[in-house]
Amino acid sequence: MLERHLQVIESSIKSAIEKDGIEKLSSRLFDRLFDYYPETKSLFDISSIPVLAPRKFQLLLDLIVDTLKHPGYAESAVADEAIRHSIYDLKHKEYYFILMETVPLCLKHSLKEVWTAETEECWNDTVSGLKGLFHKAILEHEL
Ligand code: HEM
């Protein structure tokens, strides 16, 4: 199962980046975070968002693909991220959830003509799996 998810997800990432480039793809990443959770604005130097957004988007893509490639390490990889971010006092799992959900939304916006039901299903499975791991990490590490 994961092989097919990895195939579908990697090809959707590749097509969207080839079509729109990561700058344009990532432009909505922080808009959505700040729309839903305006309090998170204080964590960032807002003037650096145009530079930070493509970087953060790539970091999220890397985490998503790595956890599909190495499912045995997914839990520790996610826990490491949650622990890394505890220095910013990030306690709300929803902050991670919104970023995770926004990645496929940005890709779907780019690939709308060719976005299939299978692509949707693979992204939904993968994002809900990662949300579960972030929730578990925040609970287990009492972050
Ligand atoms: C969801 C998965 C996330 C991943 C994989 C991730 C990854 C990273 C990484 C690798 C860094 C280190 C600096 C860098 O390499 O740029 C970083 C920094 C940072 N992250 Fe995250 N992050 C995630 C979610 C979040 C969330 C939800 C927030 C806040 C709402 C957040 C806020 C920050 C801040 C404030 C920094 C340091 C400042 C900065 O680089 O500007 N991150 N993140």
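Since the structure is predicted, the reported quantities are computational estimates derived from the model, not experimental observations.

A. Focus on the overall build of the chain. Scanning the chain for helices and strands turns up 6 helices and 0 strands. From first element to last, N terminus to C terminus, the chain shows the α and β order α-α-α-α-α-α. Scaling as 2.2 N^0.38, a compact globule of 143 residues should have a C-alpha radius of gyration of about 15 Å, and the chain matches this with 15 Å. Overall size of the chain, expressed as C-alpha extent along the three principal axes, is 40 × 35 × 20 Å. Here the chain holds 143 residues, and 41% of them are scored as buried. The long-range fraction of contacts in the chain, counting pairs at least 24 apart against all pairs at least 6 apart in sequence, stands at 81%.

B. Spatial organisation of the site of the ligand. In the vicinity of the ligand, 19 residues are found, and the nearest of them are Arg-55, Lys-56, Leu-60, His-85 and Tyr-88. Within the contact set of the ligand, an oxygen atom lies 2.5 Å away from a side-chain nitrogen or oxygen of Arg-55. Here Lys-56 contributes a side-chain N or O atom positioned 2.6 Å from a nitrogen atom of the ligand. Looking at the shell around the ligand, the elements that each hand over two or more residues are α3 (49–69), α4 (71–84) and α5 (93–110). By residue number, the principal contributor to the shell around the ligand is α3, which donates 5 residues.

C. Local environment of the pattern of salt bridges. Evaluated as defined, the whole model comprises 11 salt bridges. As a salt-bridge pair, Arg-4 and Glu-118 come within 2.7 Å of each other at their nearest N and O atoms. Pair noted here: Arg-4 is in helix α1 (residues 2–26) and Glu-118 is in helix α6 (residues 117–140), with a separation of 114 residues, a long-range link. The salt bridge involving Glu-101 is made with Lys-131; its shortest N-O contact spans 2.6 Å. Taken together, the residues Glu-101 in helix α5 and Lys-131 in helix α6 connect sequence positions 30 residues apart. Each of the salt bridges in this network shares a partner with another, and the network as a whole consists of Lys-19, Asp-20 and Lys-24.

D. Region of the structure containing the packing of aromatic side chains. This structure, assessed with the given rule, holds 6 aromatic pairs. Centroid distance Tyr-96 to Phe-134: 4.5 Å. Interplanar angle 15 degrees. Geometry classified as stacked. Here Tyr-96, found in helix α5, pairs with Phe-134, found in helix α6; they are 38 residues apart in sequence, far enough to count as distant. There is no split in this pair, since Tyr-96 and Phe-134 are both buried. Taken together through their ring pairs, the aromatic side chains of Phe-30, Phe-34 and Phe-44 make up a single cluster.

E. Quick peek at a nonpolar patch on the surface. A cluster of nonpolar residues, Leu-43, Ile-87 and Tyr-88, forms a patch on the protein surface that exposes about 320 Å² of accessible area. With respect to the helices and strands, Leu-43 occurs in the loop between α2 (29–36) and α3. On the basis of relative accessible area, Leu-43 is assigned to the partly exposed category, the value being 36%.

F. Structural detail: the environment of Arg-32. Along the chain, Arg-32 falls in helix α2. With 70 residues separating them along the chain, Arg-32 and Thr-102 place their C-alpha atoms 7.3 Å apart. Within the local environment of Arg-32, its side chain forms a polar contact with the side chain of Thr-102, the two groups lying 2.8 Å apart.

G. Region of interest: the side chain of Thr-67. Looking at the secondary structure, you find Thr-67 in helix α3. At a separation of 2.9 Å, a polar atom in the side chain of Thr-67 contacts the main-chain carbonyl oxygen of Leu-63. Not counting residues up to four positions away in its chain, the partners in contact with Thr-67 are Ala-74 and Leu-130.

Each value, and the rule that gives it
Residues numbered from 1 in each chain as written. Predicted model: local features only at pLDDT ≥ 70, side-chain atom pairs only at ≥ 80, totals over all residues. Heavy atoms only, no water. Helix = DSSP H or I, 4+ residues; strand = E, 2+ residues; numbered from the N terminus. Rg over C-alpha atoms; globule rule 2.2 N^0.38 Å. Buried < 20%, exposed > 50% of the residue type's maximum accessible area, 1.4 Å probe, protein only. Contact = heavy atoms within 4.5 Å. Near = heavy atom within 4 Å. Polar contact = N/O pair within 3.5 Å; in protein donor to acceptor, adjacent residues only side chain to side chain. Salt bridge = Lys/Arg side-chain N within 4 Å of Asp/Glu carboxyl O. Phe/Tyr/Trp six-rings, centres within 6.5 Å; stacked < 30°, edge-to-face > 60°. Patch = residues over 30% accessible without salt bridge, like charges linked within 9 Å, V, L, I, M, F, W, Y side chains within 5 Å. Areas by Shrake-Rupley, 256 points an atom, 1.4 Å probe, with all protein chains shown as cover.

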